Amino acid sequence: MTARFAIVGSGPSGMYAVDALLKGVPGSRVDVFDRVPTPFGLIRFGVAPDHYKTRNTARQFARTFELDDVRYLGNVEIGRDLSIIELQDNYDAVVLAIGSYHDRGLGIPGEDLAGVYGACAYVGWYNGHPDYRELDPLLDGAGVAVIGIGNVALDVCRILAKTRDEMRGTDISAHALDAIQAAALEQLYMFGRRGPVEGGFTPKELSEVLELERCAVIVDPGQLPDSVEGDLETRIKGVKEKNLALLRQLAAQDKPDKPIKMTVGFYAAPVEILGDRRVEALRMERTRIVDGRAVGSGEFFEVPCCSVVTAIGYQALPPDGVPMNGSVVANQRGHVADNLYVVGWAKRGPTGTIPTNGPDSRDTVEVLIDNLESTGKPGGGAIDKLLAERGVRVVDYAGYKKISAAEIARAPEGHPQEKFTRIDEMLALLDGA
Ligand code: NAP
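Just so we're clear, the structure is a prediction, and the values are computed from it rather than from any experiment.

Asker: Teacher, can you tell me more about the site of the ligand here?
Answerer: Near the ligand you find 20 residues, and of these Ile149, Arg193, Arg194, Glu205 and Gly352 are the closest. Within the side chain of Asn151, an N or O atom sits 3.1 Å from an oxygen atom of the ligand. A total of 920 Å² of accessible area belongs to the ligand in isolation, and the protein chains cover 77% of it. In terms of residues, the shell around the ligand owes the most to one element, helix H6 (residues 151–161), which gives 3 residues.

Asker: Looking at this structure, I do not really get a positive patch on the surface. What am I missing?
Answerer: Taken together, Arg104, Arg193, Arg194 and Arg293 make up a surface patch of like positive charges. Relative accessible area serves as the criterion here: at 62%, Arg293 is assigned to the exposed category.

Asker: Even after reading the chapter, I still don't get the environment of Asp431, so can you show me in this structure?
Answerer: Structurally, the position occupied by Asp431 is in the segment after helix H14 (423–430). Take Asp431: its relative accessible area is 54%, and that puts it in the exposed class. Taking the C-alpha atoms as reference points, Asp431 and Asp103, 328 residues apart in sequence, are found 35 Å from one another.

Asker: When you look at the pairing of strand E8 (residues 215–219) in this model, what are you seeing that I'm missing?
Answerer: Within a regular strand, side chains alternate between the sheet's two faces. Within E8, 4 of the 5 residues are buried, which leaves it mostly tucked inside the rest of the structure. Bridge count between E8 and strand E9 (residues 260–265): 5 bridges; the pairing is parallel. By the bridge assignment for E9, Ala216 is matched with Lys261. As a crossover connection, the stretch from E8 through helix H9 (residues 234–252) into E9 is left-handed.

Asker: Can you walk me through the sheet that holds strand E12 (residues 293–304) in this structure?
Answerer: Across a sheet, paired strands are connected by hydrogen bonds in the backbone, their directions being either parallel or antiparallel. Ordered by their spatial adjacency, 3 strands build an open sheet running E10-E11-E12, and the pairing between neighbours is antiparallel. If you trace the sheet from one side to the other, it starts and ends with strand E10 (268–274) and E12, each paired once. For this sheet, the mean inter-axis angle between neighbouring strands, taken without regard to orientation, is 25°. Sheet topology places E10 next to strand E11 (residues 281–290); 6 bridges connect them, and they run antiparallel. By the bridge assignment, Ile273 is partnered in E11 with Leu282.

Criteria and thresholds
Residues numbered from 1 in each chain as written. Predicted model: local features only at pLDDT ≥ 70, side-chain atom pairs only at ≥ 80, totals over all residues. Heavy atoms only, no water. Near = heavy atom within 4 Å. Polar contact = N/O pair within 3.5 Å; in protein donor to acceptor, adjacent residues only side chain to side chain. Areas by Shrake-Rupley, 256 points an atom, 1.4 Å probe, with all protein chains shown as cover. Helix = DSSP H or I, 4+ residues; strand = E, 2+ residues; numbered from the N terminus. Patch = residues over 30% accessible without salt bridge, like charges linked within 9 Å, V, L, I, M, F, W, Y side chains within 5 Å. Salt bridge = Lys/Arg side-chain N within 4 Å of Asp/Glu carboxyl O. Lys, Arg positive; Asp, Glu negative; His and termini not counted. Charge placed at Lys NZ, Arg CZ, Asp CG, Glu CD. Buried < 20%, exposed > 50% of the residue type's maximum accessible area, 1.4 Å probe, protein only. Pairing = 2+ DSSP bridges. Right-handed = clockwise from strand over helix to strand, strands pointing away. Axes fitted to C-alpha atoms, helices over the stretch in contact; angles between N-to-C directions.

What follows is the structure in structure tokens.
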């Protein structure tokens, strides 16, 4: 039996699903949709620009797009240009690989002030996502506070802390690099409501802030426990011990007179963002840990800052009609309903690295194949007709390759590529303008 599949989203989880479907149901045809003209989702827009080598993961997925049975339909938004129902009616199965494209809120007063950004938007801004090209975050003061102590928070702090020279070889978007380098930052804060052992960061990422050219990292040794306690899996305990050793190293470092300080503050939860129309300060409450949870101590302090970035996790934002369960799409082993499935962060929440999505997508595809019945649905031809009737400008994989070649050709000296950040610029390039 062969079948026709639609994948919504061309990030890692979607591309792992394509590979699993082609292996599991040989001879099938797969159409991969993405909202923006360029494929690969988180690899292009989520991975930190100074982790440029990680973007090479896209090479394995690029090979998939070269296969005759796989089509890329970029610049097509499901929920706007086509409905989920239309996909379900025309393909044997539909897999949502839409990630977690919405910042979770803090739920504290002041969150709507100018100068408060979620990490999805902030990372999107410096990574050249068209949605955030005009974010223009406030960087006109001395301090920026980042909430959260996961790898995303570390990414944001590191990108703000690095010099132009340290950002050579990266593909940070020029508009963001210029804005960051023009800012007169003196103080970055990275706040965790729990302690160093509970931090979500990993040793490799933590070690990258050991030697920053213009930024000294401040860690209070009094906040570091002597050892990692608790009933933890051996591998996780090892990671935590390495984190703790690195934090000790940071705490013990001589702090040469560097212009920027990055204070990593544990046991501190945000309670209010202060300011008159725009962020002026962040009010925090000291916490203690009770049964693994952060509990307020009634002791407060404030830090002045011109902006606040929340790196506290994301939630899925599916097209209308897709059922949610908290911050993920409601599913059982990836099955949502009828011939609709989900993979990746939209299925299990925003955790893990790119390769974590391999087994996760294969698991959903296993369920999908078990349920698959030959239905003789028309597949891509009918969808192409609908898109043409609606005047949707589809960017195929050859179109993307043209965009990518132009991005490499226009890279500033010392950088591998300069992404196009506006969709009309990409379409104009394809039109030969
Ligand atoms: P994360 O590791 O879950 O960190 C989220 C942080 O936000 C935690 O410190 C959490 O504290 C905190 N938080 C949540 N709600 C909060 C609230 N209301 N107030 C204060 N703090 C709050 O997630 P992430 O940093 O967004 O990363 C997502 C995933 O991508 C992770 O698996 C991460 O490792 C991965 N990632 C990997 C890389 C890499 O490999 N280089 C880079 C970036 C991201 P609690 O723990 O107390 O809830």
